[in-house]
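Observations on the three-dimensional arrangement
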Amino acid sequence: MQDAPLQLRDLTRRFGETLAVDGVSLTVPAGQMLGIIGRSGAGKSTLLRMINRLQEPSAGSIHFGDTNVTALRGRALRDWRASCAMIFQQFNLIPRLDVLTNVLVGRLNRRSTLSSLLGLFSAAERAEALAILERFDLLETALMRAGQASGGQQQRVAICRALMQRPRLVLADEPIASLDPRNAQVVMDALRRINREDGLSVLCNLHHLDTARAYCDRILGMRAGRIVFDGPPSALTPDMAREIYGVSEAEFHSAPQGSLAVA
Amino acid sequence: MSADVARYRALMPRAFGPSQAGRALRWLGAAAFVLWLATLLWWFDASPARLWNGLDKLGVILRQMVPPSPGEHWDAILQGLAESVAMAFLGSTLAVLVAFPLGFLGANNVVINALAHFSIRRVFDLGRGMDSLIWALAFVRAVGLGPLAGVLAIAAAEIAVLAKLFAEAIENADARQTEAVTAVGGRRILAIRFGLLPQVFPVMLAQYLYQIESNTRSASILGVVGAGGIGLQIAERIRVRYWDEVAFIILLILATVALIDTLSAWVRRRLIGG
């Protein structure tokens, strides 16, 4: 099933005097894996958080198909949030609740508030959550407190929670920035899996060029709130990288000589 | 889907709720709790009729409170109130000064010896066992009637409370920060000064400010037993049933506490930020 495209029109966010996001226009077709790169403070997080409406845009608009996301309020806004799942750098699980309940939290928007407050999830919902956990090799952690799982596990639990939302797209804000390389790879593989197998668009903020190159169909470079690069990984030349980061990629990787240099 | 439910239920039964025995235990626990509540209510003869009659008399008092009136002794009321605030301030400050070192002694990440930690904590427990009102009765005998007895009563009652709260704040502090100071070669007292104190200072300050506010309310009781403050004024007026003046004093105390709260919020913002 082909879902609607996501469109940003002249999206802007000001914090006092600073322009965190400065007139970003962008169309993301359904099913794309989009990597957003740039230095800290380039506006990547703010951009993603505006799409989920965790942060209000100062100007411009967000559209998903025929829906003007920027105009949504109340129930419709919560429905939108359920359909664009957010994945956070620090996982944002509830550490004292077990893994299963953390995943079930993803379903809250589609259930009656009263039965949710009482924690009355149906057997079918529990089975669905367990099936998602099993898909990412997490079944045996289901009854463990989320806080006791490892970082890599926690981020995969967060991905399971996202899937439990039955989302139409996934926003991942630096999903691997607090993970070691091995776990980072497992989490990125999981994100690519939901992109390929479930046909979900994934918008992913990333620190490392290499990760973006390896996993994304399309890369967006941001600098000082503006898009300075938009193209396939192959078009991301060393000059372009210097333009985005303000330093050359070689300097970027300086210490152990040519840990990777430029492909 | 139902096949899935059956499969996962077999695979991981606890994911679908507590076991039979667990469920029974929960119900049993809940029943015992409710029974306990009911027994206590029965013991104190809390019949609906009694409560209803009590409500009725309370209504009479409330009606007599309106409109509140200052009566003829403005000066006595204001002096009592000022005394109460001063007592709370002095008592809390004294308590914090003593509780500060005690808090460190009572924290198991500062005093690592388990026996010492256990004994210090039990001493705190003993101190907390006595309410400020009991202390006030003792100090009135010791230093005579008046606000000084109140100050000492507040300090004595709060030292153990604050020491326990401080000790807990210190125990909950992040060990990585002290580790960093140790790692640069600082001695232990410096690790506490630079790694621990900055973390617990906001908690201590917040507690101190809260104690001033809370003890202003306590101080309004202490007067009843002769330890100075606004309490004496209230007690006198209740005895002669001048409920309108009692209401006035209560409103005045509320306003004072609100004022202290506002001031302490400002101090907190200035010293801690946020």
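Residues numbered from 1 in each chain as written. Chains lettered and ligands numbered in written order. Predicted model: local features only at pLDDT ≥ 70, side-chain atom pairs only at ≥ 80, totals over all residues. Heavy atoms only, no water.

So, the overall build of chain B
The helix and strand tally for chain B stands at eleven helices and zero strands. Each helix and strand of chain B, placed in order from N terminus to C terminus, yields the pattern α-α-α-α-α-α-α-α-α-α-α. For 274 residues, the compact-globule estimate of 2.2 N^0.38 gives 19 Å, and chain B exceeds it by more than 25% at 26 Å. Taken over the C-alpha atoms alone, chain B extends approximately 80 × 65 × 35 Å along its principal axes. Evaluated residue by residue, chain B yields a buried proportion of 33% over its 274 residues. Looking at chain B alone, contacts between residues at least 24 apart form 74% of all its contacts between residues at least 6 apart. By element, 69% of the accessible surface of chain B is carried by carbon and sulfur atoms, the whole surface being about 16900 Å². Side chains of chain B give 24 positive and 18 negative charges; the mean places of these two sets differ by 10 Å. (Helix = DSSP H or I, 4+ residues; strand = E, 2+ residues; numbered from the N terminus. Rg over C-alpha atoms; globule rule 2.2 N^0.38 Å. Buried < 20%, exposed > 50% of the residue type's maximum accessible area, 1.4 Å probe, protein only. Contact = heavy atoms within 4.5 Å. Areas by Shrake-Rupley, 256 points an atom, 1.4 Å probe, with all protein chains shown as cover. Lys, Arg positive; Asp, Glu negative; His and termini not counted. Charge placed at Lys NZ, Arg CZ, Asp CG, Glu CD.)

Here's the deal with the domain arrangement of chain B
Here chain B is described as being made up of domain 1 (1-45) and domain 2 (77-271). The C-alpha-based centres of domain 1 of chain B and domain 2 of chain B are spaced at 42 Å. (Domains from an automatic or database assignment.)

Some details on helix α9 (residues 188-222) of chain B
The end-to-end C-alpha distance of α9(B), which contains 35 residues, comes to just 42 Å, noticeably less than the 51 Å that a straight helix rising 1.5 Å per residue would cover. Within α9(B), the axis deviates most sharply at Leu197(B), by approximately 55 degrees, and proline Pro198(B) lies no more than four positions further along. (Expected span 1.5 Å × (residues − 1). Bend = angle between axes of the 7 residues up to and from the residue.)

Some details on the environment of Asn113(B)
Residue and element names in this part refer to chain B. You can see Asn113 is positioned in the loop between α4 (74-105) and α5 (114-128). When the C-alpha positions of Asn113 and Leu51 are compared, they lie 52 Å apart, and in sequence the two are 62 residues distant. Within the structure, Asn113 has its side chain in polar contact with the backbone nitrogen of Leu115 (distance 2.8 Å). (Polar contact = N/O pair within 3.5 Å; in protein donor to acceptor, adjacent residues only side chain to side chain.)

Some points on the interface of chain A and chain B
Counting residues at the interface gives 13 residues for chain A and eleven residues for chain B. For the chain A face of the interface with chain B, the top three residues by lost area are Ala127(A), Leu130(A) and Leu143(A), together amounting to 38%. For the salt bridge of Glu134(A) with Arg7(B), the shortest nitrogen-to-oxygen distance reads 2.8 Å. The tally of links from chain A across to chain B stands at three residue pairs in polar contact (both at pLDDT 80 or more). The element contributing the most residues to the side of chain A that touches chain B is helix α5 (residues 123-135) of chain A, with eight residues. Class assignment of the residues belonging to the side of chain A that touches chain B gives a composition of nine nonpolar, no polar and four charged. (Buried area = accessible area lost by both parts, 1.4 Å probe. Salt bridge = Lys/Arg side-chain N within 4 Å of Asp/Glu carboxyl O. Nonpolar A, V, L, I, M, F, W, Y, C, P; charged D, E, K, R; others polar.)

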